[in-house]
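# Chains, contacts and geometry: an overview
What follows is each chain in one-letter form.
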Number of protein chains: 2
Amino acid sequence: MSITVLVVEDEPAIQELISYNLKKSGLAPVCAANAEQATVMVNNVLPDLVLLDWMLPNSSGIEFARQLRRNSRTQAIPIIMLTAKVELDDKISGLEAGADDYITKPFSPRELIARIKAVLRRRVPEISDEIIEAGGVKIDPTKHRVFAYLNDTSAELTEVKLGPTEFRLLHFLMAHKERVYTRTQLLDRIWGDHVFIEDRTVDVHIRRLRKVLEKIGKEDLVQTVRGTGYRFSSEYEMNPEEEHQQS
Amino acid sequence: MSITVLVVEDEPAIQELISYNLKKSGLAPVCAANAEQATVMVNNVLPDLVLLDWMLPNSSGIEFARQLRRNSRTQAIPIIMLTAKVELDDKISGLEAGADDYITKPFSPRELIARIKAVLRRRVPEISDEIIEAGGVKIDPTKHRVFAYLNDTSAELTEVKLGPTEFRLLHFLMAHKERVYTRTQLLDRIWGDHVFIEDRTVDVHIRRLRKVLEKIGKEDLVQTVRGTGYRFSSEYEMNPEEEHQQS
DNA sequence: AAATTAGGTTACAATTTTGTGACAATTGAA
DNA sequence: TTCAATTGTCACAAAATTGTAACCTAATTT
């Protein structure tokens, strides 16, 4: 159950310490030393939680938090702020800026982990019952139905029949379209995070979902991101442009 | 349609317990450990109901309740307060602050769920007595009768005889046609949520209802949604079967 | 190019879910 | 009381879904 935590902390020693403890608890740390790096990382890996040092070089912590909250893609990511000491002002402005919790230095690893887990546990349910439409596919959770426009011009709809897991998979991917999820993340969020299921099983379900979508001429909507996972995308084709290589 | 319940409770164990039971009842819990978090959560996900521990760290429970009542956006959200013991003062001040109900610890999960549903039901308008017609079936709640058009073209009506439960089931499903309900939801809404009845019993009643409808040539009106529940639908065919198209 | 790795595809047995008929308990009316 | 109607549950049948292994192809590395 790999949960990614972005650690935004300028002091290497603390960054190291936090990283170590996160790993030990089965969380996957990703580090950034300042707001710019953090922004890049957020776009790259889309963490499940952000640990944010309030006292960043240019006091840009608040700004970074606000930035996360403004972007719909990152809006729901919980933020825990690290403060040198609880100053009331900090606390207030932190909560105003959208922090979900705060923890004061120095803190024990146990406490840190406990807070993280607490925040993750109260994660808001990110899937709603809204009708979602993208790439010529419409999914209606309350009616539990999936439709597709047969061609781009007509308004003609066909219903598609999906199995329970395929339905949830499609719903999740569509609710987070354009975002890439690893197999493990998909297992966590769609199957539930206690299950003991092979990662490769996701491939099979993706395959089944694709098969159904292909039948109605909707190809390339569920895309593979090699080395990472899958995503639902109606905006871009999978073209070479998008990978950033560094060889 | 998923109903969100904000659980404001500082003790993790109880929070966990409540969460678990809410989920089991088809409600979507969202947790907060104190008033600040709760405020954030309220703004994030406008919950349908708030379960509020009265004994929060800074005795801020009352204040939080008042705060909800002051804001027009949150004014109508029902609040159930959790109290360690019934102290008259608590009760009074709680109700003064705008709580809709209170429940004393320790409480049984069953009781908790029952209270929640009771409070929620007060706000959900009951299904009306209007005559509903769909899929060639007409149901008249006041006269307690069901008719069916024998074929699509004629206006010829036949009366269908249904047992009490079958009638209510059909009425409920028709009043919310196209919408999928889980067995548990159907039990809650049709049988009443205090009853202790197996989920599978719903299947049997569905079967009985179907049997009657089949007799008058009304098939596929009550549809199964695998992994979820049932629905009344007259708008779409469920199975675009392989070989045969109709006209 | 060979080796290695990641992902696609298929088949299938195990499991889950739903359909169905029977039955005993209950109710209410005659 | 007796009878018929209705109800909830169970057991088994039927059907759909699911996870995995095995094998294959494409991509990447050595």
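Further up the page is the structure itself.
Residues numbered from 1 in each chain as written. Chains lettered and ligands numbered in written order. Predicted model: local features only at pLDDT ≥ 70, side-chain atom pairs only at ≥ 80, totals over all residues. Heavy atoms only, no water.

### Quick look at helix α6 (residues 164-175) of chain A
Residue and element names in this part refer to chain A.
- Compared with an ideal rise of 1.5 Å per residue, which puts 12 residues at 16 Å, α6 spans 16 Å between its outermost C-alpha atoms and is within 8% of the ideal.
- Here α6 lies mainly inside the structure; nine of its 12 residues are buried.
- Inspection of α6 places T165, E166, F167, L169, L170, H171, F172, L173 and M174 among the buried residues, and these make up the whole buried set. (Helix = DSSP H or I, 4+ residues; strand = E, 2+ residues; numbered from the N terminus. Expected span 1.5 Å × (residues − 1). Buried < 20%, exposed > 50% of the residue type's maximum accessible area, 1.4 Å probe, protein only.)

### Brief notes about the protein's contact with DNA strand C
- Among the 28 residues in the neighbourhood of DNA strand C, the closest are listed as R207 and T224 of chain A together with R207, T224 and Y230 of chain B.
- Side-chain polar atom of R210 of chain B to a phosphate oxygen of DNA strand C: 2.7 Å apart, as the coordinates give it.
- Those elements giving two or more residues to the surface near DNA strand C turn out to be α8 (200-215) and β11 (222-225) of chain A together with α8 (199-215) and β11 (222-225) of chain B.
- By residue class, the composition of the surface near DNA strand C is six nonpolar, six polar and 16 charged. (Near = heavy atom within 4 Å. Polar contact = N/O pair within 3.5 Å; in protein donor to acceptor, adjacent residues only side chain to side chain. Nonpolar A, V, L, I, M, F, W, Y, C, P; charged D, E, K, R; others polar.)

### Focus on the pattern of salt bridges
- Counted according to the given criterion, the structure contains 15 salt bridges over all chains.
- Linking R200 of chain A and D203 of chain A is a salt bridge whose minimum nitrogen-to-oxygen distance equals 2.7 Å. Pair noted here: R200 of chain A and D203 of chain A are both in helix α8, with a separation of three residues, about one helical turn.
- Residue class for R200 of chain A comes out exposed when judged on its relative accessible area of 59%.
- Put simply, R145 of chain B and E159 of chain B hold a salt bridge, and the shortest N to O gap is 2.7 Å. On the criterion of sequence distance, the pair formed by R145 of chain B in strand β8 (residues 145-149) and E159 of chain B in strand β9 (residues 157-160) is long-range, its members being 14 residues apart.
- Here E159 of chain B falls in the partly exposed class, since its relative accessible area comes to 40%.
- In this structure, a network of salt bridges that share partners links the residues R145 and E159 of chain A together with E178 of chain B. (Salt bridge = Lys/Arg side-chain N within 4 Å of Asp/Glu carboxyl O.)

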